[in-house]
Amino acid sequence: MALTYMGVDPNMPMNAAAQAETDSLCLVEIIELKWLLTGHGMNVHVEQLQTDREYARDLLDRAAAIPNRALQDAADRVRACLRLSEGPSTARRVANGARAA
């Protein structure tokens, strides 16, 4: 059995290792969003967020509508991780002249 560093097998091809690290970082972003939304009374189904694009877009649009910058930024990061199109909070900041996250 190969030793792993942070769950990545050192014998794994580099592109597979990079994808595993990206997936792990994306999960961290999702969990941050989950806790921020919990503070606003919203529940997040993590697996559904990762696999159901319609659920993800709806949830991220609702998160972006909450007037909380940390929450909007977290929603934008998750949207980028999931490779979804630009959402309302990013579009609003771009329209207001701010740099998109």
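Here, residues in each chain are numbered from 1, in the same order as that chain's written sequence. Totals for whole chains, interfaces and linings use all residues, but because this is a predicted model, local features are given only for residues with pLDDT of at least 70 and pairs of side-chain atoms are given and counted only at 80 or more. Think of the side-chain values as coming from all heavy atoms in the structure, minus any hydrogens and water.

## Details of the packing of helix α3 (residues 53-65) against helix α4 (residues 69-81)
Thinking step 1. One way to put it is that α3 packs onto α4 with a least axis distance of 8 Å and a crossing angle of 155°. Accordingly, the angle class assigned to the pair α3 and α4 is roughly antiparallel. As for the relative orientation of α3 and α4, their crossing is left-handed in sense. Between α3, through Leu60, Asp61, Ala63 and Ala64, and α4, the contact on the second element is made entirely by Leu71, Gln72, Ala75, Val78 and Arg79.
Thinking step 2. By the convention adopted, Pro, Cys, Tyr, Trp, Phe, Met, Ile, Leu, Val and Ala count as nonpolar, Lys, Arg, Asp and Glu as charged, and the other residues, Gly among them, as polar. Tallied by class, the residues present in the contact of α3 with α4 amount to six nonpolar, one polar and two charged. A fitted line through C-alpha atoms represents every axis, and for helices the fit uses only the stretch in contact; the resulting angles, taken between N-to-C directions, go from 0 to 180 degrees. Numbering goes from the N terminus for both helices and strands, where a helix is a DSSP run of H or I of at least four residues and a strand is a run of E of at least two. Here is the rule for angles: anything less than 35 degrees is roughly parallel, anything more than 145 is roughly antiparallel, 65 through 115 is roughly perpendicular, and the remaining ranges are oblique. Should the near helix be turned counterclockwise from the far one by less than a right angle, the crossing is left-handed, whereas a clockwise turn marks it as right-handed. Residue contacts follow a heavy-atom distance rule, with two residues in contact if any of their heavy atoms lie within 4.5 Å.

## Thoughts on α4
Thinking step 1. Compared with an ideal rise of 1.5 Å per residue, which puts 13 residues at 18 Å, α4 spans 18 Å between its outermost C-alpha atoms and is within 8% of the ideal.
Thinking step 2. When a residue's accessible area, from a 1.4 Å probe over protein chains only, is under 20% of the maximum for its type it is buried; when over 50% it is exposed; and in between it is partly exposed. By the burial criterion, the buried members of α4 are Leu71, Gln72, Asp73, Ala74, Ala75, Asp76, Val78 and Arg79.
Thinking step 3. Throughout this description, a polar contact denotes any pair of N or O atoms lying within 3.5 Å of each other; where both atoms belong to protein, one of them has to be capable of donating a hydrogen while the other can accept it, and for residues adjacent in sequence the pair is counted only when both atoms sit in side chains. The distance from a side-chain oxygen at the start of α4 to the backbone nitrogen of Ala70 is 3.0 Å, and the residue carrying that oxygen is Asn68.
Thinking step 4. A positive backbone phi angle near 55° is found at Arg83, which sits one or two residues after α4. One fewer than the residue count of a helix, multiplied by 1.5 Å, yields its expected span.

## Regarding α3
One turn of the α-helix equals 3.6 residues, which is why residues spaced by three or four share an orientation.
Thinking step 1. With 13 residues, α3 ought to run about 18 Å at 1.5 Å a step, and its terminal C-alpha atoms sit 18 Å apart, in line with that.
Thinking step 2. Among the residues making up α3, those that are buried are Tyr55, Ala56, Leu59, Leu60, Ala63 and Ala64. Viewed along the axis of α3, the buried residues span an arc of 160°, placing them on a single side of the element. Structural note: α3 exposes Glu54 and Ala65 on the side pointing more than 90 degrees away from its buried face. Read the arc as the range of directions from the helix axis to the C-beta atoms.

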